[in-house]
2 protein chains.
Amino acid sequence: MIVVLRIGHRVSRDKRITTHCALVARAFGADTILISTKDEKIKHTIKALCKKFGGSFAIETGVNPKKFIENWKGIIIHLTMYGDSVEKVIKKVDKTQDMLVIIGAEKVPPYYYDMATHNISIGSQPHSEVAALAIFLDRYLEGSWQEKDFSGNLTIVPSKTRKLVLQKERGKYEQNSRS
Amino acid sequence: MIVVLRIGHRVSRDKRITTHCALVARAFGADTILISTKDEKIKHTIKALCKKFGGSFAIETGVNPKKFIENWKGIIIHLTMYGDSVEKVIKKVDKTQDMLVIIGAEKVPPYYYDMATHNISIGSQPHSEVAALAIFLDRYLEGSWQEKDFSGNLTIVPSKTRKLVLQKERGKYEQNSRS
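What this report covers is the structure whose coordinates are included nearby. Just so it is clear, the model here is predicted, and its values are computed rather than measured.

On the surface, a cluster of positive charge is made up of A:Lys15, A:Lys41, B:Lys15 and B:Lys41. Here B:Lys41 is to be found in helix 2 (residues 40-53). Judged by relative accessible area, which is 66%, B:Lys41 ranks as exposed.

Dropping the structure here:
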């Protein structure tokens, strides 16, 4: 099981970045995202998307992060630009255990550095927790997230030239041209 | 040369997502980001960051995307969730040419699909242009972006346990403890 914990989410300022974090968590193979701040709107957005595109991804908001961490049985990854290089650490990550991946918004208190099994950086330049989460999950799952079958009501068919979407109607997929 | 072209940027709604796109472009080895909408604030933010963390990354806003594309000599990659799988296409991308990478916000007109050398998807689930750009550049550069030396006034030293930042003072680096 892979759980992503988003801490320090500010409802107004971070709404789109946290939404992107949730979508990346889902698309790149995590099972759940937990957001420390209560935010019904983001929960609704993600649940609506899951209903359309499928899968069993879960989202909870208003989760107490310290309480959750203290009860967590498994490894804890903290993604931070100050951490140790992903290339170096990824081999040491125990893949037999459940994994909690913590991503912060702005400054992260030392508590999270101390609680992490590994503090991991995706490059040592400032960029984005959205990108860091994607690259980390991609490295961890060795690209296998791309094979995941979401069996959604909407399925995108890869195309060289245009939008091609299949829509499930009465149990069968039909083409839903959108280009 | 790698140029990222961000189209459809809405100054108020997209400011943080586009900022993350610019930071990812810089950190993952692109040379320039062009933003179709005029936005002095985002330009200022990125320039200030480059001054601190180094490198020769450039940013321009208010760029006419069609005019730019029509004058572009090189290949054009359009990142879209409707595109052909990155795993399939990445081998076909001509690495000897300059590369323009187009990322949209919301709906992208068919024009860009038509002009692209390759329409590429990073998975076929909805997620984030920030993540898509990071994964694409990571695949294209085969991880070598991590070795790039930015020679900034601030340099982050990878650490297992804490924030460790070196600051250039009178030409020499000194530790600037921030934890």
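All right, on to the pattern of salt bridges then. A complete count under the given rule lists 18 salt bridges over all chains for this structure. Note that A:Glu60 and A:Lys43 form a salt bridge whose closest N and O atoms lie 3.4 Å from each other. Of this pair, A:Glu60 sits in strand 3 (residues 58-61) while A:Lys43 sits in helix 2 (residues 40-53), and the two are 17 residues apart along the sequence. The class of A:Lys43 is buried, set by a relative accessible area of 16%. Connected through salt bridges with shared partners, the residues A:Arg10, A:Asp14 and B:Arg16 form a single ionic network.

Listed by partner, the interface residues are 52 residues for chain A and 52 residues for chain B. Interface area, chain A with chain B, both sides summed: about 4500 Å², of which 58% is carbon and sulfur. The interface formed by chain A and chain B holds four salt bridges in total. Of the charged contacts in the structure, one is a salt bridge between A:Asp14 and B:Arg16, with a shortest N-O distance of 2.5 Å. The tally of links between chain A and chain B comes to 20 residue pairs in polar contact (both at pLDDT 80 or more). Of all elements in the fold, only helix 1 (15-27), helix 2, strand 4 (75-85), helix 4 (86-89), helix 6 (129-140) and strand 8 (164-169) of chain A reach the threshold of two or more residues within the side of chain A that touches chain B. For the side of chain A that touches chain B, the class distribution of residues is 25 nonpolar, 12 polar and 15 charged.

Here the focus is the sheet that holds strand 1 (residues 2-7) of chain B. All names here are of chain B. Read from one edge of the open sheet, six strands run 3-2-1-5-4-6, paired in parallel fashion. Unpaired on one side and paired on the other, strand 3 (58-61) and strand 6 (118-121) mark the two borders of the sheet. Across the sheet, the mean angle separating the axes of adjacent strands is 25° when strand polarity is ignored. Here helix 1 (residues 15-27) sits on the sheet in contact with strand 1, strand 2 (32-35) and strand 5 (99-104), set at roughly 175° to strand 1. Packing against the sheet, helix 2 makes contact with strand 2 and strand 3, and its axis sits at approximately 175° to strand 3.

Residues and elements named next belong to chain A. Summed over the entire model, instances satisfying the criterion amount to one cavity of 30 Å³ or more. When its volume is computed, the largest cavity comes out at roughly 40 Å³. Contributing to the lining of the largest cavity are Arg26, Ala30, Asp31, Ser56, Phe57, Lys148 and Phe150. Looking at the lining of the largest cavity, its residues break down into three nonpolar, one polar and three charged.

Definitions and cut-offs
Residues numbered from 1 in each chain as written. Chains lettered and ligands numbered in written order. Predicted model: local features only at pLDDT ≥ 70, side-chain atom pairs only at ≥ 80, totals over all residues. Heavy atoms only, no water. Patch = residues over 30% accessible without salt bridge, like charges linked within 9 Å, V, L, I, M, F, W, Y side chains within 5 Å. Areas by Shrake-Rupley, 256 points an atom, 1.4 Å probe, with all protein chains shown as cover. Salt bridge = Lys/Arg side-chain N within 4 Å of Asp/Glu carboxyl O. Lys, Arg positive; Asp, Glu negative; His and termini not counted. Charge placed at Lys NZ, Arg CZ, Asp CG, Glu CD. Helix = DSSP H or I, 4+ residues; strand = E, 2+ residues; numbered from the N terminus. Buried < 20%, exposed > 50% of the residue type's maximum accessible area, 1.4 Å probe, protein only. Contact = heavy atoms within 4.5 Å. Buried area = accessible area lost by both parts, 1.4 Å probe. Polar contact = N/O pair within 3.5 Å; in protein donor to acceptor, adjacent residues only side chain to side chain. Nonpolar A, V, L, I, M, F, W, Y, C, P; charged D, E, K, R; others polar. Pairing = 2+ DSSP bridges. Axes fitted to C-alpha atoms, helices over the stretch in contact; angles between N-to-C directions. 1 Å grid on protein atoms, 1.4 Å probe; cavity = no way out; pocket = protein on both sides within 12 Å on 5 of 7 lines; lining within 4 Å. Points joined across faces, edges and corners; volume = space filled by probe spheres on them.

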